[in-house]
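A structural walkthrough
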Amino acid sequence: MFQKSFNNHNRHFSGRHRFHFRKKNRQSNNGKSKKFLPESAYSRNSVAPIQNNTTEIKNQFSDFFIDKKLKENIALRGYITPTPIQDQAIQPILEGKDVIGIAETGSGKTAAFLIPLINKILHARQEKALIIVPTRELAVQINDDLKSLSRFLSVYSCLCIGGASINRQITDLRNNPSIVIGTPGRIKDLFNRRFLHLNSFKNIVLDEADRMVDIGFLPEIKLIISYLPKVRQSLFFSATVSSDVEEIINSFVISPVKIFVKSNETPVSISQDVIRVKGTENKISKLKELLRKEEFKKVLIFGRTKYGVDRLSKKLFLQGFSVASLHGNKSQNQRLRVLSQFRDNRVKILIATDIAARGLDIPDVSHVINFDEPATRTDYVHRIGRTGRAQKIGHALTFVG
Ligand code: AMP
């Protein structure tokens, strides 16, 4: 029954479909082209808002039965009206139900699960929540959101992410934090070493499950789920649903409330267009021409490989551009430094690989440029979702050969 309800939604995204799609494109280019999506996928005329206002928001934050101080923190954070996913998810989560939210980054899903979880902990201090995410950056971001939403509420958290000192995390875990946010590999490691007791978490969030599967975390996720307490509240978020993702869902949630937030209902509006240039050198000179334009104020550029990202970054740096790069070979400290430089506008251009940039929430990114084409439609959606966030207009440009 469940499979049926997801099939339609997932028509454009399922792994099998994607494979055929890519194969077809490759064949039509004699196997030489690296183009995975048709050009039309990258353009929406000039400015076409992805957002429309057809979704009726039924709740205001004031309607929810949540702690008064938490409400104040929501207002201080600048959230006035709930986004569609918040509008639909907060109440069922407050009621203790399992929830499946099919929503992309940028939809406001972080607050959709943090607000009711913080509220639950405020009312029962023994409650603990484990939030599992695909990347370190997303974990750091969720922790930052948590800190601002739980200001002065004494809700303590701990990050369990790879690339950072495990000893520090072990010490933090000994302090028995209410919320643990981590990536699957490090969570498994800490569990195996018996510093993280999975059976003590009765509230679990799997965030960006599709990305965790893409990265190859399926075995870790299955293992973690198998050690969770049977009686728990399970919250599941993913932008897309493939058969692997569905397998996780089936072992994770019980009688869930299912919420679909279509991409045209996320709080983003992004103009999308293609730039046709052949050859790397031509691409670089076109890129430089764009970056010199005044409106390209804060630019996130995507490259396919770590090597390519570093090479492009070096080239632009030598030409005097304010640029930094972000990819999986950088240490956690380097990554955090680069992100804060970009966030604070000390660096104007950030060049990143898909995984490194996943889930990044950097305010005011004016342009996303796909220097290399994304491998899949999902990657494309995630990439361009880094601009046009929180009701702002963003621009996405994709180089095609
Ligand atoms: P997320 O999808 O959780 O990464 O959120 C995307 C962006 O939307 C973040 O910058 C949030 O701070 C922002 N945001 C989340 N909820 C709201 C809201 N109700 N009103 C305005 N901005 C929001």
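Numbers given to residues run from 1 along each chain, matching the order in which its sequence is written. Side-chain atom pairs in this predicted model are given and counted only at pLDDT of 80 or more, local residue features only at pLDDT of at least 70, and totals for whole chains, interfaces and linings cover all residues. Only hydrogens and water are set aside when side-chain values are computed; all heavy atoms of the structure are taken into account.

Secondary structure elements are defined from DSSP: runs of H or I of at least 4 residues count as helices, runs of E of at least 2 residues count as strands, and each element is numbered from the N terminus. In terms of helices and strands, the chain carries 16 helices and 13 strands. For every residue, the accessible area obtained with a 1.4 Å probe (protein chains only) is divided by the maximum for its type, and the residue is called buried under 20%, exposed over 50%, and partly exposed between those limits. Sorting the 401 residues of the chain into buried and exposed places 55% on the buried side. It only takes one pair of heavy atoms within 4.5 Å for two residues to be counted as in contact. For the chain, restricting intrachain contacts to residue pairs at least 6 apart in sequence, the fraction spanning at least 24 positions comes to 75%. As displayed, the chain offers around 18500 Å² of accessible surface, 50% of which is attributable to carbon and sulfur atoms. All accessibility values rest on the Shrake-Rupley procedure with a 1.4 Å probe; residue burial counts only the protein chains present in the view.

Moving on: helix α10 (residues 218–226). Of the positions making up α10, those classed as buried are L218, E220, I221, I224 and I225. The buried residues of α10 occupy an angular sector of 160° when the element is viewed end-on, so they sit on one face. The secondary structure elements touched by the buried residues of α10 are β2 (129–132), α8 (184–192), β5 (203–206), α9 (209–215) and α11 (243–252). By arc we mean the arc of the directions from the helix axis to the C-beta atoms, nothing more.

This next bit is on the site of the ligand. The local shell around the ligand holds 15 residues, among which Y79, Q86, G108, T110 and D361 are the closest. Identification of polar contacts relies on pairs of N or O atoms within 3.5 Å, with a donor-acceptor requirement for protein atoms, meaning one able to donate a hydrogen and the other able to accept it, and with residues adjacent in sequence counted only if both atoms are side-chain atoms. Within the side chain of Y79, a nitrogen or oxygen atom sits 2.6 Å from an oxygen atom of the ligand. Side-chain polar atom of T110 to an oxygen atom of the ligand: 2.6 Å apart, as the coordinates give it. Taken by itself the ligand offers 490 Å² of open surface, and the protein chains cover 89% of this. Distances are taken per atom, and a residue is near a molecule or strand as soon as one of its heavy atoms is within 4 Å of it.

This next bit is on the sheet that holds β5. Taking strand neighbours across the sheet as the criterion, the seven strands line up as β3-β4-β2-β5-β6-β1-β7 in an open arrangement whose pairing is parallel. If you trace the sheet from one side to the other, it starts and ends with β3 (157–160) and β7 (257–260), each paired once. Direction aside, neighbouring strands of the sheet carry axes that sit 10° apart on average. The sheet contact formed by β3 and strand β4 (residues 179–182) spans four bridges and is parallel. Considered in β4, the bridge of S157 is made with I179. Two strands are said to pair when DSSP picks up at least two bridges between them. A fitted line through C-alpha atoms represents every axis, and for helices the fit uses only the stretch in contact; the resulting angles, taken between N-to-C directions, go from 0 to 180 degrees.

A turn of α-helix holds 3.6 residues, and therefore any two residues three or four places apart point the same way. Of all 11 residues that make up helix α4 (residues 84–94), eight are buried, and the element is covered over most of its length. Every buried residue of α4 is accounted for by P84, I85, Q86, D87, A89, I90, P92 and I93. Looking at the buried positions of α4, the neighbouring elements they touch are β1 (99–102), α5 (109–123), β6 (233–238) and β7. With its phi angle positive at about 90°, G96 sits one or two positions after the end of α4.

The next point concerns the pattern of salt bridges. Salt bridges are identified by distance alone: a Lys or Arg side-chain nitrogen within 4 Å of an Asp or Glu carboxyl oxygen. Across all of its chains, the model carries 17 salt bridges by this definition. Across the pair K97 and E95 runs a salt bridge whose closest N-O atoms are separated by 2.7 Å. A single network of salt bridges, built from pairs that share partners, joins K109, D207 and E208.

Let's shift gears to the side chain of D354. On the secondary structure map, D354 appears in helix α15 (residues 354–357). A polar contact of 2.7 Å, which involves the side chain of D354, links it to the side chain of R383. With residues near it in sequence (within four places) discarded, D354 still touches R211, F302, G303, D379 and R383.

Attention shifts here to the nonpolar core. If you look at the biggest cluster of nonpolar residues, it comprises 39 residues, and the most contacted ones within it are F113, I115, I118 and I131. Taken together, the elements giving at least two residues each to this core come down to α3 (68–76), α4, α5, β2, α6 (136–149), β4 and β6. The contacts of I115, once residues within four sequence positions are left out, are F61, I66, L70, I74, I90 and L149. In terms of nonpolar packing, the next biggest core, distinct from the first, is built from 34 residues, I187, L190, V213 and I249 among them. Put simply, buried Ala, Val, Leu, Ile, Met, Phe, Trp, Tyr and Cys residues joined by side-chain atoms within 4.5 Å make one nonpolar core.

Strand pairing in a sheet takes place through backbone hydrogen bonds and is either antiparallel or parallel in direction. If you walk across this open sheet you meet the six strands as β8-β13-β12-β9-β11-β10, and the pairing is parallel. If you trace the sheet from one side to the other, it starts and ends with β8 (269–276) and β10 (323–326), each paired once. Direction aside, the axes of adjacent strands within the sheet are offset by 20° on average. Bridge analysis of strand β9 (residues 299–302) against strand β11 (residues 349–352) gives four bridges, and the strand direction is parallel. Counted as the bridge partner of I301 is I351 from β11. Lying over the sheet, helix α12 (residues 280–291) contacts β8, β9, β11, β12 (367–370) and β13 (393–400), oriented at roughly 160° with respect to β13.

Below, the discussion takes up the packing of α12 against helix α13 (residues 306–318). Look at α12 against α13: their axes get within 12 Å of each other, and the N-to-C directions meet at 55°. Judged by the inter-axis angle, α12 sits oblique to α13. As for how α12 packs across α13, the hand of that crossing is right-handed. Side by side, α12 and α13 meet where E281, I284, L287, K288 and L291 of the first sit next to L312, K315 and L316 of the second. Three residue categories are used. Nonpolar comprises Ala, Val, Leu, Ile, Met, Phe, Trp, Tyr, Cys and Pro, charged comprises Asp, Glu, Lys and Arg, and polar comprises the others, including Gly. Of the residues that constitute the contact of α12 with α13, the class distribution is five nonpolar, no polar and three charged. Working rule for angles: under 35 degrees goes down as roughly parallel, over 145 as roughly antiparallel, 65 to 115 as roughly perpendicular, anything else as oblique. Should the near helix be turned counterclockwise from the far one by less than a right angle, the crossing is left-handed, whereas a clockwise turn marks it as right-handed.

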